[in-house]
Amino acid sequence: MNLQNPKKFKMLLDQAHETAVNVLRPISRKYDKAEHAYPKELDMLASLLDGMNDGGDGLNAGAAINKRGDHDNSNKNGTNMSTALGIIEMCYGDTGLLLSMPRQGLGNSAIAAVANDEQLERFKGTWAAMAITEPGCGSDSAAIRTTATQDGDEYILNGEKIFVTSGERADSVVVWATLDKKLGRAAIKSFVVPKGTPGMKVERLEHKLGIKASDTAAISFIDCRVPAANLLGNAEIDVAKGFAGVMETFDNTRPLVAAMAVGCAKASLERIKEIFKDELDADYATPYLQSSNLAAQIYRMEAEWEAARLLTIKATWMADNKKPNSREASIAKAKAGRIGNEITLKCVELAASVGYNEDELLEKWARDSKILDIFEGTQQIQQLIIARRELGKSSSELK
Ligand SMILES: Cc1cc2nc3c(=O)[nH]c(=O)nc-3n(C[C@H](O)[C@H](O)[C@H](O)COP(=O)(O)OP(=O)(O)OC[C@H]3O[C@@H](n4cnc5c(N)ncnc54)[C@H](O)[C@@H]3O)c2cc1C
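The structure presented is a predicted model; accordingly, all values stated were derived computationally and were not measured.

**Student:** Help me out: how do you make sense of the UniProt feature "domain: Acyl-CoA oxidase/dehydrogenase middle" (unreviewed entry) in the protein chain in this one?
**Tutor:** In the numbering used here, UniProt assigns the feature "domain: Acyl-CoA oxidase/dehydrogenase middle" (unreviewed entry) to residues 129-224. Here residues 129-224 runs as 0% helix and 51% strand, with 17 Å between its end C-alpha atoms.

**Student:** How should the packing of aromatic side chains be read in this particular structure?
**Tutor:** Aromatic ring pairs are reported here in terms of the distance separating the ring centres and the angle at which the planes meet. Counted by the stated rule, this structure contains 3 aromatic pairs. With a centroid separation of 5.3 Å and 50 degrees between ring planes, the pair formed by Tyr 284 and Tyr 299 is classed as tilted. One end of the pair, Tyr 284, is in the loop between α7 (244-275) and α8 (293-320); the other, Tyr 299, is in helix α8, with 15 residues separating them in the sequence. Its guanidinium or amino end placed over the ring of Tyr 92, Arg 25 lies 4.5 Å from that ring's centre, counting from NZ or CZ.

**Student:** Explanation requested: the site of the ligand in the structure shown.
**Tutor:** In the vicinity of the ligand, 20 residues are found, and the nearest of them are Met 130, Thr 133, Ser 139, Phe 163 and Thr 378. For the ligand, a nitrogen atom lies 2.7 Å from a polar atom in the side chain of Thr 165. Between an oxygen atom of the ligand and a side-chain N or O atom of Gln 380, the distance comes to 2.7 Å. Every element with two or more residues in the shell around the ligand is listed here: β1 (128-131), β3 (154-165) and α12 (379-391). A class-by-class count of the residues in the shell around the ligand yields 11 nonpolar, 7 polar and 2 charged. No fewer than three residues from each of domain 2 (126-228) and domain 3 (241-389) sit in the shell around the ligand.

**Student:** Looking at this model, I keep getting lost on the nonpolar core. Mind explaining?
**Tutor:** A general trend in soluble globular proteins is that nonpolar side chains are found buried together. Residues Ile 272, Ile 298 and Ile 343 are the most contacted members of the largest nonpolar core, which totals 61 residues. Mapped onto this core, the elements with two or more residues apiece are α1 (10-33), α2 (41-53), α3 (79-93), α4 (95-99), α7, α8, α9 (326-351) and α11 (362-370). With 12 residues, α7 is the largest single contributor of residues to this core. Looking at this core, you find at least three residues from each of domain 1 (5-107) and domain 3 (241-389).

**Student:** Before we go on, may I ask you to explain the packing of α8 against α9 in this structure?
**Tutor:** Packed helix pairs are characterised by how far apart their axes lie and by the angle those axes make with each other. Put simply, α8 and α9 touch, their axes get as near as 9 Å, and they point 155 degrees apart. Of the possible angle classes, the one that applies to α8 and α9 is roughly antiparallel. Of the two elements, α8 crosses α9, and the hand of that crossing is left-handed. Within the contact of α8 with α9, the residues separate by chemical class into 17 nonpolar, 2 polar and 5 charged.

**Student:** Hey, could you run me through the pairing of strand β2 (residues 147-151) in this one?
**Tutor:** Walk down a regular strand and you will see the side chains alternate between the two sheet faces. Strand direction decides the pairing type here: β2 and β3, joined by 5 bridges, are antiparallel. Bridged to Asp 151 within β3 is Glu 154. Where β2 hands over to β3, the hairpin turn is made up of 2 residues, of which Gly 152 adopts a positive phi near 65 degrees.

**Student:** Is there a simple way to think about the packing of α1 against α11 in this case?
**Tutor:** It is at 12 Å that the axes of α1 and α11 come closest, and there the two elements cross at 70 degrees. Here α1 is positioned roughly perpendicular relative to α11, judged by the angle of their axes. Considering the relative orientation of α1 and α11, their crossing is left-handed. Along the contact surface, α1 presents Arg 25, Ser 28, Arg 29 and Asp 32, while α11 presents Glu 363, Lys 364, Trp 365 and Arg 367. Within the contact of α1 with α11, the residues separate by chemical class into 1 nonpolar, 1 polar and 6 charged.

**Student:** Help me out: how do you make sense of the side chain of Asp 368 in this one?
**Tutor:** For Asp 368, the position within the fold is in helix α11. The residues contacting Asp 368, other than those within four sequence positions of it, are Gly 210, Ile 211 and Cys 264.

**Student:** What should I look at first to understand the environment of Leu 12 in this one?
**Tutor:** Within the element layout of this structure, Leu 12 appears in helix α1. Distance in space between the C-alpha atoms of Leu 12 and Thr 216 is 29 Å, their sequence separation being 204 residues.

**Student:** Looking at this structure, I do not really get α1. What am I missing?
**Tutor:** Since the α-helix advances by 3.6 residues per turn, residues separated by three or four positions end up pointing in the same direction. Taking 1.5 Å per residue, 24 residues should reach 34 Å; α1 reaches 34 Å between its end C-alpha atoms and fits that length. Maximal helix bending in α1 amounts to about 45 degrees, located at Leu 24; proline Pro 26 follows within four positions. Buried within α1 are the following residues: Leu 12, Leu 13, Ala 16, Thr 19, Ala 20, Leu 24, Ile 27, Ser 28, Arg 29, Tyr 31 and Asp 32.

The rules behind the values
- Residues numbered from 1 in each chain as written.
- Predicted model: local features only at pLDDT ≥ 70, side-chain atom pairs only at ≥ 80, totals over all residues.
- Heavy atoms only, no water.
- UniProt positions renumbered as here; feature names shortened; annotations may be inferred.
- Helix = DSSP H or I, 4+ residues; strand = E, 2+ residues; numbered from the N terminus.
- Phe/Tyr/Trp six-rings, centres within 6.5 Å; stacked < 30°, edge-to-face > 60°.
- Lys NZ or Arg CZ within 6 Å of the ring centre and 35° of its normal.
- Near = heavy atom within 4 Å.
- Polar contact = N/O pair within 3.5 Å; in protein donor to acceptor, adjacent residues only side chain to side chain.
- Nonpolar A, V, L, I, M, F, W, Y, C, P; charged D, E, K, R; others polar.
- Domains from an automatic or database assignment.
- Core = buried A, V, L, I, M, F, W, Y, C linked by side-chain atoms within 4.5 Å.
- Buried < 20%, exposed > 50% of the residue type's maximum accessible area, 1.4 Å probe, protein only.
- Axes fitted to C-alpha atoms, helices over the stretch in contact; angles between N-to-C directions.
- Parallel < 35°, antiparallel > 145°, perpendicular 65-115°, else oblique.
- Left-handed = near helix turned anticlockwise from the far one by under 90°.
- Pairing = 2+ DSSP bridges.
- Contact = heavy atoms within 4.5 Å.
- Expected span 1.5 Å × (residues − 1).
- Bend = angle between axes of the 7 residues up to and from the residue.

Laid out in structure tokens, this is it:
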């Protein structure tokens, strides 16, 4: 077993690390203070990323292009893995800025997961946000009330979406809506709604605890018409398949959110090790039980962090090799989300007044990290999914 990052990604990851340190970190506090201001410095960076991605396995913030389903015997480290590894490095720089990167929205992953070939081509290069959450529907995404009614070769959307990351800035929003409430979760489909479509309106931007650089929008849809060809994937309502279609989105996005948590925690962990470098054994030669309490706490965090990193990479490796990874995606998200929160907050605690002060970024990373254990499914929801998979229970049998 080789636990190192694949050599072929080295150049890409070195570039991502340099970008994190030299571009993102210097503007980190500026956009933490200037909530809702667009980080214009990211435009150039996005073009750079586009160039880097042209060659194949890329460094994306949210868009991985591999699809699962066809099983073969290949064993490769592909785009899902390089994307996650890139995200870890970029979030070492700043999570909110990573989430604000043009053309790298979580909606792009939704498109990658469920779009057909024609749609993949048509929506290439777009910046897509993802809108699932509604005032009456968060964790229970099957409770969606936004409707999509077919009218000739168009669908008419009506409803309200809240907490849409990049909802104001993105070129389009991937909206989850039901074709027929009576048919339950099988009738939920996703639709690409381009920005500026009549009937779609950003109602407000939210003020948040962390990731303040990232815009979070509430969007209303009133008789909003989109071409029928913008329904992602298959329009057929397959009651037997249930939620499987749109849920494939999460198999792509959850490992990426796990990667964000790993990257954000890495920033805190490295900073705390630097602050206490004189009290740590760089060679790990001192037995754990003879280490100081401070050192033992840091070593333990390092071990937990490494476990979260490996689980995240495993989930992406499975995706790259077209292996169904829903369980592993949730395991990675649950572990990385929780450990990310624990590490960033513990680092504030260990550095005490220095950790709590705005002269350092430790307090900001603790705030930024919290959302990574909430969106794309909370800690509790990931545990519920893992339990269902382990016990072979359906969502109605284990709630
Ligand atoms: C900054 C930010 C950005 C976001 N970006 C997006 C986005 O881009 N797109 C999008 O669609 N959504 C987005 N969201 C919404 C996010 O996905 C939801 O907040 C999340 O799914 C939880 O839903 P909720 O807030 O309604 O909480 P609820 O579902 O009401 O949950 C409240 C609490 O109850 C727990 N809980 C709920 N059900 C169960 C259960 N069955 N068993 C045990 N515990 C349970 C939860 O874990 C949680 O702790 C964002 C949210 C925030 C804050």
